[in-house]
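Okay, here's what each chain looks like letter by letter:
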Amino acid sequence: MDIPSLRYALTLAEELHFGRAARRHFITEQAFGRRIRKLERQLELQLFDRTSRRVTLTAAGERFVPLARQAVDRIDQLAAAAHEDGPTPDPTVLRVGVLGFGLAERWPLVLDLLRQQLPDVALAYVEVDWDSQYDLVRSGDLDVAVVHDIGPVDGLTFDRVLDTGRFVVVPAGSPLADAEHLSEADVCDQQWIRPVGRHPGLADWAGPAGSVGATSTLVRTPSSVPAAVAATGQFGIHGEPARRFFPHPGVRYVPMDGNPAIVSVASRADDRSPAVRAFRRAARAGADERVGGPVAADRNPFGT
């Protein structure tokens, strides 16, 4: 019996729904279910009753949940105490993960808003991919990350910054390269570059690109998509700013129906450090401003 499995059981007891509980831990519903079944075998107890319509706690589950909560809370307290005795991170350095084009044209504005609050802060940038964008924040290796927001993640807080259209990345030689707009029905028969990441929301956002075809090329970073499309002739999926940040002579970007590409700043829900709070405030304030526009000098953009 391990601590992550206890956390999974506690989440399922809250949600009473395998899909929602799995998304909070950014794993697939199948993998989540296997962990719950393994925990039940180890305990030799059935904690949950499952039917096709509902999930409920058994009597044993009702007794188990508060004890598991006490155990997990104790582990968290021990971890917090250990961190207090360990080295203190440099408060003037903010470790920022960046996926793809990140904040796009809003970068200068958000950084200006950040330095209005913390003039001496230094930023250490780390490129992340779809698979690591949440892990590195949750583990404490990064303070914040500018991520592709594809669904809730247990233990993280998200501040939405950009809400961009979804575009098909089309090989320049394709008959569809000159289309003004495409629907999923227009491209459903194509082979696709598939973005790789564990969070199930990524496949939902990617639409037709979220399923592996017979010869699908797998990519882990948004910046890899245009080159992969040009090299293979397969289609890709991207957010609107990629047209400017990842231009490539071998591809065309065409608007497509579907869920927008949302960019958010992710941070740990329990992180109250001044630098993280300042970055979050800057991101929220930047989201309310005109892209590339100055902050009005006669008002405080942070509302404080």
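Refer to the preceding data block for the structure.
Worth saying up front: this structure is predicted, and the values here are computed from it rather than measured. (Residues numbered from 1 in each chain as written. Predicted model: local features only at pLDDT ≥ 70, side-chain atom pairs only at ≥ 80, totals over all residues. Heavy atoms only, no water.)

Enquirer: I keep staring at a positive patch on the surface and nothing clicks. Help me out?
Expert: There is a patch of like positive charges on the surface, built from Arg34, Arg37, Lys38 and Arg41. Note on placement: lysine 38 falls in helix H3 (residues 29-43). Of the residues examined, lysine 38 reaches a relative accessible area of 42% and is grouped as partly exposed. (Patch = residues over 30% accessible without salt bridge, like charges linked within 9 Å, V, L, I, M, F, W, Y side chains within 5 Å. Areas by Shrake-Rupley, 256 points an atom, 1.4 Å probe, with all protein chains shown as cover. Salt bridge = Lys/Arg side-chain N within 4 Å of Asp/Glu carboxyl O. Lys, Arg positive; Asp, Glu negative; His and termini not counted. Charge placed at Lys NZ, Arg CZ, Asp CG, Glu CD. Helix = DSSP H or I, 4+ residues; strand = E, 2+ residues; numbered from the N terminus. Buried < 20%, exposed > 50% of the residue type's maximum accessible area, 1.4 Å probe, protein only.)

Enquirer: Just checking my understanding: could you explain the sheet that holds strand S4 (residues 122-127) for this structure?
Expert: A sheet is described by the order of its strands in space; here five strands give the open sequence S4-S3-S5-S12-S6, paired in mixed fashion. Strands at the two margins of the open sheet, each flanked by one partner only, are S4 and strand S6 (156-164). Direction aside, neighbouring strands of the sheet carry axes that sit 20° apart on average. Direction of pairing for strand S5 (residues 144-148) relative to strand S12 (residues 261-268): antiparallel, over a ladder of five bridges. Residue pairing across strands places histidine 148 opposite valine 263, the latter belonging to S12. Across the sheet, helix H11 (residues 274-287) is in contact with strand S3 (93-98), S5, S6 and S12; its angle to S6 comes to roughly 25°. (Pairing = 2+ DSSP bridges. Axes fitted to C-alpha atoms, helices over the stretch in contact; angles between N-to-C directions. Contact = heavy atoms within 4.5 Å.)

Enquirer: Would you explain empty space enclosed by the protein in this entry?
Expert: Unfilled space is identified by rolling a water-sized probe across the atoms. Counted according to the given criterion, the structure contains one cavity of 30 Å³ or more. Those elements that provide at least two residues to the lining of the largest cavity are S5, strand S10 (236-239) and S12. Looking at side-chain class alone, the lining of the largest cavity contains eight nonpolar, five polar and no charged residues. (1 Å grid on protein atoms, 1.4 Å probe; cavity = no way out; pocket = protein on both sides within 12 Å on 5 of 7 lines; lining within 4 Å. Points joined across faces, edges and corners; volume = space filled by probe spheres on them. Nonpolar A, V, L, I, M, F, W, Y, C, P; charged D, E, K, R; others polar.)

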